[in-house]
Amino acid sequence: MTNGATNGTAVTSPFDALGIRSALEERDLSKQLRMGPLEKIYLLWVSGGSCDGCTVAVVGATNPPVEHLMAGIVPGLPKVELLHTLTSLEMGDDYIQTLRMASQGELDAPYVLVYEGSVFDEDLANDGNFYSLGRDPETGSPISSTEWLGRLAPKAAAVIAIGTCAAWGGIPAGEGNPTGSVAVMDHLGKDYRSAFGVPVVNVPGCSPIGDNFMETAAAVLLFLQGLGPLPDFDELGRPAWLFSETVHRHCPRAGYYEEGVFAEAYGDQECLVELGCWGPVVQCNIADRGIVNGTGGCMQMGGPCIGCTMPGFPDKFSPLFMTPPGSLLSSNTSRVFGGFIRRIRHITMVDKNRTPRWEGVEAPSGWARYNTRPRGPITLIHKAYRAYQHSKIGG
Ligand code: SF4
Ligand code: SF4
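Quick notes on the rules
Residues numbered from 1 in each chain as written. Chains lettered and ligands numbered in written order. Predicted model: local features only at pLDDT ≥ 70, side-chain atom pairs only at ≥ 80, totals over all residues. Helix = DSSP H or I, 4+ residues; strand = E, 2+ residues; numbered from the N terminus. Rg over C-alpha atoms; globule rule 2.2 N^0.38 Å. Buried ≥ 20, exposed ≤ 12 C-beta atoms within 10 Å, placed from the backbone. Contact = placed C-beta atoms within 7 Å. Domains from an automatic or database assignment. Nonpolar A, V, L, I, M, F, W, Y, C, P; charged D, E, K, R; others polar. Bend = angle between axes of the 7 residues up to and from the residue. Core = buried A, V, L, I, M, F, W, Y, C linked by C-beta atoms within 7 Å. Near = placed C-beta within 6 Å. Pairing = 2+ DSSP bridges.

Counting its secondary structure elements, the protein contains 13 helices and nine strands. Over its C-alpha trace the protein gives a radius of gyration of 27 Å, far above what one expects of a compact globule, namely 21 Å for 395 residues. The principal-axis extents of the C-alpha atoms in the protein amount to approximately 90 × 50 × 40 Å. Taken over 395 residues, the protein has a buried fraction of 38%. Taking the contacts inside the protein whose residues are at least 6 apart along the sequence as the reference set, 72% of them involve residues at least 24 apart.

Laid out in structure tokens, this is it:
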């Protein structure tokens, strides 16, 4: 596979080795495209059906912070020129001019398109627009976000759908929505490839973890720089290293689940499954990463997982905050077996809370409000346990 290169000669595509069909094959984008090292790259942020929660999440990111990308001080990464309604000083036509130049291939550097929110079906808006950004200078008509997506995606070095609305449709695409909202992937189609040959990258979450986006964007930029491989994405375009584990496996409350102890009311510290937690089947890393700078997160703050990172959200997780039907089997099994294990563990814990010197006597603590000395069969269990434990010494 060969393409037009920046000097006009044919070269082998760098994507052959990756097995990715590059859009370079069909179009001559040699004036806009350079494989790194790049001095700078544009990050064009376009919003559709969104609540701006993804923007707020990214502003709070710390790994790396967005301002470090904009200052060009992250080693190995190009300086990022961010075009976002929140951060840009340009207004009106000056703001739109960058988008216009990008869509016409006139920018002086490649760009990554970040799309936040669902993609509206503007045909359903009758004479109006669901969401528009600027006007067409020739016709004077508003340009919808959906149209900007169509104009910008073909020449983008990569398209990143941020948040569940952009990645899967999310709440605006929920049952009964009047806007015909779909995901970026739905709108661009299965065969879409960016100018650098990359399918749509999805960073879901409602809102997403800001650092998940920043880490993914940084990994994609390293790839575009020619300094790293294409990051590992799963079959739905999620960063595989962030979304392959379930919430439950890393939940700070997982030990309660295993021992069959469940919260009955909000504010309880135990497992939240009976209050509507879908964590055992949901792919999300918030239990590990927290929401901002390693702190917060759903279960950490007492909230059950409602599956906001998943393509089935929200319809397949409704009614929210109700016990998931499938959990009845697993939680009742945990209640029986986990309850037994929890009691056995407690007996061992009592023994390990006593020094060998206190064998058969009370612990010399003035804090004890009750008699702490094990008695009767519990003492025998402790002795048998220790005998077995030490029987392995020496092989
Ligand atoms: S709160 Fe949810 S994720 Fe955590 S242990 Fe319970 S079911 Fe699993
Ligand atoms: S734990 Fe569940 S509700 Fe919380 S962010 Fe992850 S997927 Fe969304």
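Continuing now.
Next up on the list: the domain arrangement of the protein. Each assigned domain of the protein is listed here: domain 1 (13–241) and domain 2 (245–358 + 372–395). Here domain 1 and domain 2 have C-alpha centroids that lie 39 Å from each other. Contacts between domain 1 and domain 2 engage 15 residues on the former and 11 residues on the latter. When residues of the side of domain 1 that touches domain 2 are traced back to their parent elements, those giving at least two are α5 (163–168) and α7 (210–225). Its residues assigned to classes, the side of domain 1 that touches domain 2 shows six nonpolar, seven polar and two charged.

A maximum bend of about 30° is found in helix α12 (residues 327–352) at G338. Here α12 has its buried residues at S327, S331, S334 and G338. Those residues of α12 that are buried lie in contact with α10 (254–258).

With that out of the way, let us pick up unusual backbone geometry. Note the cis peptide between N63 and P64, where omega equals 0°. Mapped onto the elements of the fold, P64 is located in the loop between α1 (53–59) and α2 (66–71). With an omega dihedral of -5°, the bond running from S318 to P319 counts as a cis peptide bond. A positive phi angle, close to 75°, is found at D52, a residue other than glycine. Locating D52 in the fold gives a position in the loop between β3 (40–47) and α1.

Here the focus is the nonpolar core. Ranked by internal contacts, the top residues of the largest apolar core, which has 89 residues, are V112, A158, V159, I160, A161 and V184. Take this core: its biggest share by element is eight residues, from α7. Shared between two domains, this core holds at least three residues of each, these being domain 1 (13–241) and domain 2 (245–358 + 372–395). Discounting chain neighbours no more than four positions away, the residues touching I160 are V112, V114, V201, V203, T216, A217 and V220.

As a further point, take the site of ligand 2. Taken together, G205, V247, V282, C284, I286, C298, C305, I306, G307, C308 and T309 form the complete shell of residues around ligand 2. For the shell around ligand 2, a count of residues per class yields eight nonpolar, three polar and no charged.

Within β3, seven of the eight residues are buried, which leaves the element mostly enclosed by the surrounding structure. Pairing between β3 and strand β4 (residues 79–83): five bridges, direction parallel. Along β4, the bridge assignment pairs Y42 with E81. Examined bridge by bridge, β3 and strand β5 (residues 111–116) share six bridges and lie parallel to one another. Paired with Y42 across the strands is Y111, a residue of β5.

It is worth spelling out the site of ligand 1 at this point. Lining the immediate surroundings of ligand 1 are 14 residues, of which H248, C251, C271, C277 and G279 lie closest. Contributing elements (two or more residues each) for the shell around ligand 1: α9 (247–250) and α10. Taken together, the residues that form the shell around ligand 1 break down as 11 nonpolar, two polar and one charged.

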